[in-house]
Amino acid sequence: GFDARMFRNRLNVVFDWYQKDTKDWLVNAPVLGHYGLNAPYINGGDVRNTGVELSLGWQDSTSKDFSYNINVNGAYNKNTVTRIANDEGIIHGQVNVVQGIAEMYRAQVGYPIGYFWTYKTDGVFQSQAEIDQWVAAGKPTMRGTALPGDLKFVDINNDGKLDDADKTMTGDPNPDFTMGLNFSFYLYGFDLAVSAYGQFGQQVFRAYRRYSDSQWNNYTTEVFNYWHGEGTSNRFPRLTAGTDINFMNNSDIFIENADFLRIQSITLGYDFKRIWKDAPFSQCHLYVQAQNPFVFTKYMGLDPEVGSDGGFDAWAKGLDLGYYPQARTLLVGLNLKF
């Protein structure tokens, strides 16, 4: 990497390329249920992160009454598990993360850590005729006798049945690209500062519905977009009361892109010392700050920024089980300097 300052220190450039190998990362050992709590830690394997980082900053002032500063940074990262300390080459994720549902994430050699491991779907059966065509082509269905509104689960290995061998990587909770932005200026006693950051290229497993939900469970109006007749939806299946194969099997209908740009804070202030010359202060700065005022995303959940959940594996990310959103806060403050 390199750092550079140019144009009389007004432009600052920082560039880094890296390959970081984490050796023998620690994970809780998988144990049988009768073992109890506090499973021991073991060396799970090795993980490689490769990427580039770039930061550009510009600061300048034309007089004591006007100055400004802007900084933009971005980073690309590729995460890959390079070794798992067992013969299988896999560390399995926990079951029942969503009640009654099997393993949905795992760490595996050659894949990003914590990737989502589920069935793929090929739409929704719109009619009985479509079901008949599917079966005539030798493709299996998850239900013994499929019904219109059921999901079309994909037989990945074409062996005529649906089982764990047909599950595959359907999402990656690790962002490909992250960015940040900081901007501030000062003009005749007024000051404005804006900070923002974003993550792009990651997916989230959004699992609000349990496999056995009844018709009385309350959810967002998004359920109106589920299949309720031919041509209504080719992604989400029909709603059912109680246990149903469409929801009790992990599939890519739970996986959503979770790109976002979050305005972290906006601060506007004024130093009244400029007009109150006889004030007994060297500074009398009144400001208003909005924290987390805006999030720009197409993610349908409450908050796209879903991190690790301490209740499960520490290396598992992007599991949205009803994650409570970050609060929007408005602050008013006064800084006095004597």
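Everything numeric in this text was worked out from a predicted model, so none of it was measured.

Enquirer: Sorry if this is basic, but what is going on with the overall build of the protein here?
Expert: When its secondary structure is counted, the protein shows 2 helices and 18 strands. Its C-alpha radius of gyration of 26 Å places the protein more than 25% over the 20 Å reference for a compact globule of 338 residues. Across its three principal directions, the C-alpha atoms of the protein cover 85 × 45 × 40 Å. For the protein, with 338 residues in total, the buried portion stands at 40%. Relative to all contacts within the protein whose residues are 6 or more apart in sequence, the contacts with residues 24 or more apart total 66%. When the 29 positive and 37 negative side-chain charges of the protein are each reduced to one mean point, those points stand 8 Å apart.

Enquirer: Is there a simple way to think about the sheet that holds strand S14 (residues 255–257) in this case?
Expert: Sheets are built from strands that pair by backbone hydrogen bonding, the pairs being arranged parallel or antiparallel. Taken in spatial order, the 3 strands of this open sheet run S14-S13-S17, and their pairing is mixed. The two strands at the open ends of the sheet, each matched to only one other strand, are S14 and strand S17 (319–320). Pairing analysis gives 3 bridges linking strand S13 (residues 203–206) to S14, with the strands arranged antiparallel. If you follow Val-204 over to S14, its bridge partner there is Glu-256.

Enquirer: Can you walk me through the side chain of Asn-249 in this structure?
Expert: By the secondary structure assignment, Asn-249 is in the loop between helix H2 (245–248) and S14. By relative accessible area, Asn-249 is classed as buried at 16%. Engagement of the side chain of Asn-249 in a polar contact is seen with the backbone oxygen of Ile-245, the distance being 2.9 Å. For Asn-249, the residues in contact, after removing those within four places along its chain, are Tyr-119, Met-142, Phe-153 and Phe-254.

Enquirer: How do you make sense of unusual backbone geometry when you look at a structure like this?
Expert: Keep in mind that most residues, glycine aside, have a negative phi and that most peptide bonds are trans. Despite not being glycine, Asn-9 shows a phi value in the positive range, around 65°. Here Asn-9 falls in the partly exposed class, since its relative accessible area comes to 46%. Even without being glycine, Asn-292 reaches a positive phi, approximately 55°. Here Asn-292 lies in strand S16 (residues 283–297).

Enquirer: When you look at a nonpolar patch on the surface in this model, what are you seeing that I'm missing?
Expert: On the surface, Phe-272, Ile-275, Trp-276, Leu-286, Val-288, Leu-330, Val-332, Leu-334, Leu-336 and Phe-338 cluster together to form a nonpolar patch covering roughly 1000 Å² of accessible area. Elements that contribute at least two residues to the nonpolar patch include exactly S16 and strand S18 (329–337). Assignment of secondary structure puts Phe-272 in the loop between strand S15 (260–271) and S16. Phe-272 gets classed as partly exposed once you look at its relative accessible area, which sits at 30%.

Enquirer: How should the sheet that holds strand S12 (residues 190–200) be read in this particular structure?
Expert: Taken in spatial order, the 9 strands make up an open sheet running S1-S2-S3-S4-S11-S12-S15-S16-S18, and their pairing is antiparallel. Single-partner strands in this sheet number two, and they are strand S1 (2–6) and S18. Put simply, the sheet's adjacent strands are angled 15° from each other on average, direction ignored. Pairing geometry for S1 and strand S2 (residues 11–28), over 5 bridges, is antiparallel. From the neighbouring strand, Phe-2 faces S2, where its bridge partner is Phe-15.

Reading the values: the criteria
- Residues numbered from 1 in each chain as written.
- Predicted model: local features only at pLDDT ≥ 70, side-chain atom pairs only at ≥ 80, totals over all residues.
- Heavy atoms only, no water.
- Helix = DSSP H or I, 4+ residues; strand = E, 2+ residues; numbered from the N terminus.
- Rg over C-alpha atoms; globule rule 2.2 N^0.38 Å.
- Buried < 20%, exposed > 50% of the residue type's maximum accessible area, 1.4 Å probe, protein only.
- Contact = heavy atoms within 4.5 Å.
- Lys, Arg positive; Asp, Glu negative; His and termini not counted.
- Charge placed at Lys NZ, Arg CZ, Asp CG, Glu CD.
- Pairing = 2+ DSSP bridges.
- Polar contact = N/O pair within 3.5 Å; in protein donor to acceptor, adjacent residues only side chain to side chain.
- Patch = residues over 30% accessible without salt bridge, like charges linked within 9 Å, V, L, I, M, F, W, Y side chains within 5 Å.
- Areas by Shrake-Rupley, 256 points an atom, 1.4 Å probe, with all protein chains shown as cover.
- Salt bridge = Lys/Arg side-chain N within 4 Å of Asp/Glu carboxyl O.
- Axes fitted to C-alpha atoms, helices over the stretch in contact; angles between N-to-C directions.

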